[in-house]
Amino acid sequence: MSTPTSTPALIRVAEPVAEALSARRPVVALESTIFTHGLPRPRNVEVALEGEEIIRAAGAVPATIGVHRGTPVVGLTEDEIRELGGDDDADKASIRELAIGAVTKKNAGTTIAATAFLARAAGIDVFATGGLGGVHHGAEKTFDESADLIAMSRTSIVLISSGAKAILDIPATLERFETLSVPVIGYRTNRYPGFYVVDSGYPVNARVDSPADIATVLTTQRALGVPSGVLVANPVPEAEQLDPAELEGVIEAAWAAAEKDSIGGQASTPYLLDYIRRATGGRSLDANVALYRNNIRLACEVAAALVEAAPADRGA
């Protein structure tokens, strides 16, 4: 576990988070786009607050990250989470949008890229999310790929997810992670999970079987001077996955509907995920919440392992 020498003054770090980091207690970062743009109301705020409670119950400190009225915040209060979750005009902020908030003064949910950036700026080592951004289909023509990929190549943090979002080009995403020198490690699996399903059909390049091993990979990367983060692929619990064959058909139908409705660019992801949710009668949403809870639990264990390993951690 390590902390930077100082946090930029433009980032507000909540007192409970700052105190936990100073006392070398485990802290887990959470993103905010899951409740500003990813989940329907009122379940969005319910899931956000439940995630924090899972962390507290495990003896760690939650740090939900977002932009509140233009200010990047590491450790949103409950009132701020409710405000962002109910704001119809909230933006979606990746790293490039963070400075724009200083002008607009708007609320924004932070993407994986922005959340990882802000978490590390505050000295947090572990971040739990649901699905990761990646390479979109047709990217060989559009160059459409998530900033999450580049952020993970530059940010020394453990990111626990259940695979890239199901609508993405999974093999291309894994190839990009290889090119960017980001290790993709399966947690108790040799297969890369497919977000709503346990197996995307592709292997991971390494496997670990304990939170302590994940901690060791991060601390060793730092000791070697490797700047990238560690991507941990943690499958959705098998009993809570969608039927893989059903999902494949639904995704094909979702793409056909998007083409018919001329949906493209940044509008594609929310459109496609909403189509999948409706086509599965809400079961995709249940799987999303289940994998998110599962990732948070593992993140707590990794954060605790990093605290225990702190004497051997030479810092970022």
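Values in this document were obtained by computation on a predicted structure and should not be read as measured data.

1. Re the overall build of the protein
Stage number 1. Regarding its fold elements, the protein presents 13 helices and 13 strands.
Stage number 2. A compact globule built from 316 residues should have a C-alpha radius of gyration of about 20 Å, and the protein, at 18 Å, falls within 12% of that.
Stage number 3. Reported as C-alpha extents along the three principal axes, the dimensions of the protein are approximately 55 × 45 × 35 Å.
Stage number 4. Per-residue burial over the protein gives 54% buried out of 316 residues.
Stage number 5. If you take every contact in the protein between residues at least 6 apart in sequence, the share linking residues at least 24 apart comes to 73%.
Stage number 6. Accessible area for the protein stands at about 13,600 Å²; split by element, carbon and sulfur atoms hold 52% of it.
Stage number 7. Averaging the coordinates of the 28 positive side-chain charges in the protein and doing the same for the 40 negative ones gives two points 3 Å apart.

2. Overview of the side chain of Glu80
Stage number 1. Structurally, Glu80 can be placed in helix α4 (residues 78–85).
Stage number 2. Here Arg12 takes part through its side chain, which lies 2.8 Å from a polar atom of the side chain of Glu80.
Stage number 3. Within polar-contact distance, the side chain of Glu80 engages the backbone nitrogen of Thr77 at 2.9 Å.

3. Some thoughts on the environment of Ala108
Stage number 1. Structurally, Ala108 is set in strand β6 (residues 108–110).
Stage number 2. Not counting residues up to four positions away in its chain, the partners in contact with Ala108 are Ser32, Gly66, Val67, Leu84, Asp91 and Ala93.

4. Description of the pattern of salt bridges
Stage number 1. As enumerated under the stated definition, the model contains 18 salt bridges in all.
Stage number 2. A salt bridge links Arg56 to Glu52; the nearest nitrogen and oxygen atoms lie 3.2 Å apart. Of this pair, Arg56 and Glu52 are both found in helix α3 (residues 43–57), four residues apart, which corresponds to roughly one turn of the helix.
Stage number 3. A relative accessible area of 42% means that Arg56 is categorised as partly exposed.
Stage number 4. Here Glu53 and Arg56 are joined by a salt bridge, their closest N and O atoms 2.7 Å apart. Placement of both Glu53 and Arg56 in helix α3 is noted, with a separation of three residues, approximately one turn of the helix.
Stage number 5. Among the charged side chains, a salt-bridge network with shared partners connects Glu52, Glu53 and Arg56.

5. Things to note about the nonpolar core
Stage number 1. Judged by nonpolar contacts, the single largest core of 60 residues is most densely connected at Val17, Val74, Ile124 and Tyr192.
Stage number 2. Those residues in contact with Val17, other than ones at most four positions away along the chain, are Val27, Val61, Pro62, Ala63, Val74, Gly75 and Ile124.
Stage number 3. Counting 39 residues, the second largest nonpolar core, distinct from the first, contains Ala48, Leu76, Ile81 and Ala303.

6. Here's the deal with the packing of helix α11 (residues 244–260) against helix α12 (residues 268–279)
Stage number 1. One way to put it is that α11 packs onto α12 with a least axis distance of 9 Å and a crossing angle of 130 degrees. For the element pair α11 / α12, the angle class is oblique. Like other packed secondary-structure pairs, α11 and α12 cross with a definite hand, here right-handed. Contacts between α11 and α12 pair Leu247, Val250, Ile251, Ala253, Ala254, Trp255, Ala257 and Ala258 from the former with Tyr271, Leu272, Tyr275, Ile276 and Ala279 from the latter.
Stage number 2. Tallied by class, residues from the contact of α11 with α12 come to 13 nonpolar, no polar and no charged.

7. Notes on the side chain of Thr36
Stage number 1. In this fold, Thr36 is placed in helix α2 (residues 33–38).
Stage number 2. Only 2.7 Å separates the side chain of Thr36 from the side chain of His37, close enough to count as a polar contact.
Stage number 3. Contact partners of Thr36, with chain neighbours within four places excluded, come to Leu84 and Gly109.

8. Structural notes on empty space enclosed by the protein
Stage number 1. Under the criterion given, the structure shown has two cavities of 30 Å³ or more.
Stage number 2. Considering only enclosed or pocket space, the second largest cavity measures out at about 30 Å³ in volume.
Stage number 3. Forming the boundary of the second largest cavity are Leu30, Glu31, Ile34, Phe35, Ala48, Thr64 and Tyr292.
Stage number 4. Here the lining of the second largest cavity is composed, by residue class, of five nonpolar, one polar and one charged.

9. Description of α4
Stage number 1. Within α4, the full set of buried residues consists of Glu80, Ile81, Leu84 and Gly85. In an axial view of α4, the angular spread of the buried residues amounts to 130 degrees, which keeps them on one side of the axis.
Stage number 2. Looking at the buried positions of α4, the neighbouring elements they touch are β1 (12–13), α2, α3, β3 (61–68), β4 (71–74) and β6.

10. A short note on the packing of helix α8 (residues 147–154) against helix α9 (residues 170–179)
Stage number 1. α9 packs onto α8 with a crossing angle of 25 degrees between their chain directions and a minimal axis gap of 10 Å. When the interaxial angle is binned, α8 and α9 end up roughly parallel. For the pair α8 and α9, the sense of crossing is right-handed. Where α8 abuts α9, its residues Leu149, Ile150 and Met152 lie against Thr173, Arg176 and Phe177.

11. Things to note about the packing of aromatic side chains
Stage number 1. Counted according to the given criterion, the structure contains one aromatic pair.
Stage number 2. Plain terms: the ring middles of Phe195 and Tyr196 are 4.5 Å apart, the flat faces sit at 40 degrees to each other, and that makes the pair tilted.

Rules used throughout
- Residue positions within a chain follow its written sequence, with the count starting from 1.
- Since the coordinates come from a predicted model, pLDDT governs what is reported: local features require at least 70, and pairs of side-chain atoms require 80 or more to be given and counted, while whole-chain, interface and lining totals use all residues.
- Processing note: side-chain calculations cover all non-hydrogen atoms of the structure and skip hydrogens and water entirely.
- The way it works is that DSSP assigns letters per residue, a run of H or I at least four long becomes a helix, a run of E at least two long becomes a strand, and they are numbered from the N terminus.
- This radius of gyration counts C-alpha atoms alone. The globule rule is 2.2 Å times how many residues there are, raised to the power 0.38.
- Partly exposed residues are those whose accessible area sits between 20% and 50% of the maximum for their type, while under 20% is buried and over 50% is exposed, using a 1.4 Å probe and protein chains only.
- The contact criterion used is simple: two residues touch if any of their non-hydrogen atoms lie within 4.5 Å.
- Surface exposure here means Shrake-Rupley accessible area, sampled with a 1.4 Å probe, where a residue is shielded only by the protein chains that are shown.
- His is not counted, nor are the chain ends; Lys and Arg add positive charge and Asp and Glu add negative charge.
- In plain terms, the charge of a residue is placed at NZ if it is Lys, CZ if Arg, CG if Asp and CD if Glu.
- In protein, a polar contact requires one atom able to donate a hydrogen and another able to accept it; more generally it is a pair of N or O atoms within 3.5 Å, and residues adjacent in sequence count only if both atoms are side-chain atoms.
- When a carboxyl oxygen of Asp or Glu lies within 4 Å of a side-chain nitrogen of Lys or Arg, that pair is called a salt bridge.
- Within this scheme, the nonpolar core is defined by two criteria: the residues are buried Ala, Val, Leu, Ile, Met, Phe, Trp, Tyr or Cys, and they are joined through side-chain atoms within 4.5 Å.
- To obtain an axis, a line is fitted to C-alpha atoms, over the contacting stretch when the element is a helix, and the angle between two such axes runs from 0 to 180 degrees between their N-to-C directions.
- Note on terminology: angles under 35 degrees are roughly parallel, angles over 145 are roughly antiparallel, angles of 65 to 115 are roughly perpendicular, and the others are oblique.
- Note on convention: the crossing is left-handed when the near helix lies turned anticlockwise from the far helix by less than a right angle, right-handed when the turn is clockwise.
- All residues other than Ala, Val, Leu, Ile, Met, Phe, Trp, Tyr, Cys, Pro, Asp, Glu, Lys and Arg, Gly among them, are scored as polar; the first ten of these are nonpolar and the last four charged.
- Using protein atoms alone on a 1 Å grid, points that fit a 1.4 Å probe yet trap it form a cavity, whereas open point sets bounded by protein on both sides within 12 Å along at least five of seven lines form a pocket; residues with an atom within 4 Å of a point count as lining.
- Grid points are joined across faces, edges and corners, and a volume is the space filled by probe spheres set on the points.
- The reported arc concerns the directions from the helix axis to the C-beta atoms and nothing else.
- Under the pairing criterion, centres of Phe, Tyr and Trp rings, with the six-membered ring standing for Trp, must be within 6.5 Å; the plane angle then separates stacked pairs below 30 degrees from edge-to-face pairs above 60, leaving the rest tilted.

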